[in-house]
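Architecture at a glance
Listed here are the chains, written in short residue letters.
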Amino acid sequence: MPPVFAHGRLRLYLLKLLDEAPRHGYEVIRLLEERFQGLYAPSAGTVYPRLAKLEAEGLVTHATEGGRKVYSITDAGRAELADRGGELADLELEIRDSVSELAAEIRDDVRGAAGALRREMRAAASATATPVEDASWAAAKEELRKAKQEWKEQARRAKDESRRAREEAQQARRQASEAQERAREEVMRIAGQLQEQFAKSGEVLGNLAGSWLGGGAGSTSSTSGAGAGTGAGPGTGAGTGTAGAAAADPHWAEDLAPTGDPARDLDRLLDRFRDDVRDAARDHGVTPAKLAEARAHLAAAADRLAQALRPSR
């Protein structure tokens, strides 16, 4: 029999099932059997030791209900599941491939059994002087028909399940890529808005925003006071001689090469965002009034990023 789960994959799938809802061990075994359409069911000796190991590692916990242990995932378990989101999509494909391989083995077994049955029936017919299709002959033919029908049904289910798994995995990858791109665009847009607001508020916060978006500290120090004195608004351009809002750097964070994991890439973008703002604040200082204003902008930015990361309808 081909391996159903690669090394470490059953552990990941147990965390997925417990993330859906608390379950006892027998229910986990039953769900796995249903997922493989009855072609495979892990033994209690396979599932329970892994649940115990997950509990020892702090990834799951259990409570006793009606004499049974009901396992639930912990925050640490959810964190590991989130870190391995890409592997989970691949695991779904692996499960469908395993179903297909198991179905192929059953098909081969059925073909072999059917061939042997035909040979036996031909031998019996040849040994009979007057071959008559009696009750035993009819029963053998019916068994063969049922076996062929069962094989066809299992092969059809395995094919449909494999196709759905490929489509779901492709859709998940597309959505993850789109969410990453929307998040990057939102970070760039909010960065530009924050810089515009800080530039209008005076030299210190103007330099803070310029440094955050990659601009030099001296690029605004000589003109921000003039901009404030002339009442330059958000629409004031660079050609007026006042300190207008600098456009967001379109090449911001381009040095962060994609890793292939959208969730990890988003974390790296947010780390760069935080570090740039902290560096600028450390270099130029922040007053209590500007801190309150920055907090309002960051709250709005967090809300917009959360909206951008929601799945598209």
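Look a little higher up for the structure.
Throughout this description, residue numbers start from 1 for each chain and increase along the sequence as written. For this predicted model, a pLDDT threshold of at least 70 governs which residues receive local features, and a threshold of 80 or more governs which side-chain atom pairs are given and counted, while totals over whole chains, interfaces and linings are taken from all residues. Side-chain measures here rest on the full set of heavy atoms in the structure, leaving out hydrogens and waters.

This brings us to the overall build of the protein. A helix here means a DSSP run of H or I that spans at least four residues, while a strand means a run of E at least two residues long, and both kinds are numbered starting from the N terminus. If you tally the helices and strands in the protein, you get 11 helices and three strands. When the helices and strands of the protein are read in sequence order from the N terminus, they spell out α-β-α-α-β-β-α-α-α-α-α-α-α-α. Between buried and exposed lies partly exposed: a residue is buried under 20% and exposed over 50% of the maximum accessible area for its type, with that area taken using a 1.4 Å probe on protein chains only. When burial is assessed residue by residue, the protein has 32% of its 313 residues classed as buried. Contact between two residues is taken to exist if any of their heavy atoms lie within 4.5 Å; hydrogens are not considered. Restricting the contact set of the protein to residue pairs at least 6 apart, pairs at least 24 apart contribute 64%. With an accessible surface of roughly 18,000 Å², the protein has 52% of that area assigned to carbon and sulfur atoms. Using a 1.4 Å probe, the Shrake-Rupley method yields the accessible areas, and only the shown protein chains count as cover for residues.

Turning to the environment of alanine 301, a few remarks are in order. Inspection of the secondary structure puts alanine 301 in helix H11 (residues 288–309). Looking at alanine 301, the relative accessible area reads 5%, which means it is buried. Along the sequence, alanine 301 and glutamate 186 sit 115 residues apart, while their C-alpha atoms lie 8.2 Å from each other.

What follows is about the pattern of salt bridges. The salt bridge definition used is simple: a Lys or Arg side-chain nitrogen within 4 Å of an Asp or Glu carboxyl oxygen. Applying the stated criterion across every chain, the model contains 25 salt bridges. Two residues, glutamate 87 and arginine 84, come together in a salt bridge whose shortest N-O distance is 3.0 Å. Overall, the relative accessible area of 32% leaves glutamate 87 in the partly exposed class. In this structure, the salt-bridge partner of arginine 189 is glutamate 186, at a minimum N-O distance of 2.3 Å. Of the two residues, arginine 189 and glutamate 186 both sit in helix H6 (residues 135–200), three residues apart, roughly one turn of that helix. Classification of arginine 189 as partly exposed rests on a relative accessible area of 37%. It is possible to trace a salt-bridge network through shared partners that takes in Arg11, Lys53, Glu57, Glu80, Arg84 and Glu87.

In this section: the pairing of strand S2 (residues 60–65). Judged from the six bridges that link them, S2 and strand S3 (residues 68–73) form a sheet pairing that is antiparallel. Residue alanine 63 lies in a different strand from S3, and its bridge partner there is valine 70. The criterion for strand pairing is that DSSP finds at least two bridges linking the strands in question. Connecting S2 to the next strand, S3, in antiparallel fashion are two residues, including glycine 66 with a positive phi near 60°.

Now for the sheet that holds S3. Think of a sheet as strands paired side by side through backbone hydrogen bonds, with each pair either parallel or antiparallel. Here three strands make up an open sheet; going across it, the order is S1-S3-S2 and the pairing antiparallel. In this open sheet, the two strands that pair with only one neighbour each are strand S1 (23–24) and S2. Where helices are involved, their axes are fitted lines through C-alpha atoms of the stretch in contact, as for all axes, and angles between N-to-C directions lie from 0 to 180°. Packing against the sheet, helix H1 (residues 9–20) makes contact with S1, S2 and S3, and its axis sits at approximately 95° to S3.

Once that is clear, we can look at unusual backbone geometry. Even without being a glycine, alanine 253 presents a positive backbone phi close to 65°. You can call alanine 253 buried: its relative accessible area is 5%.

In this structure, S1 lies alongside S3, joined through two bridges in antiparallel fashion. By the bridge assignment for S3, histidine 24 is matched with valine 70.

This part is about the nonpolar core. Residues enter a nonpolar core if they are buried and are Ala, Val, Leu, Ile, Met, Phe, Trp, Tyr or Cys, with the set joined through side-chain atoms within 4.5 Å. Judged by nonpolar contacts, the single largest core of 24 residues is most densely connected at Leu14, Leu15, Leu32 and Val47. No other element matches H1, which puts seven residues into this core. The residues touching leucine 14, leaving out its near neighbours within four places in the chain, are Val28, Val47, Arg50, Leu51 and Leu54. Counting 10 residues, the second largest nonpolar core, distinct from the first, contains Met188, Leu194, Phe273 and Leu305.

That's the geometry; what it means functionally is another story.
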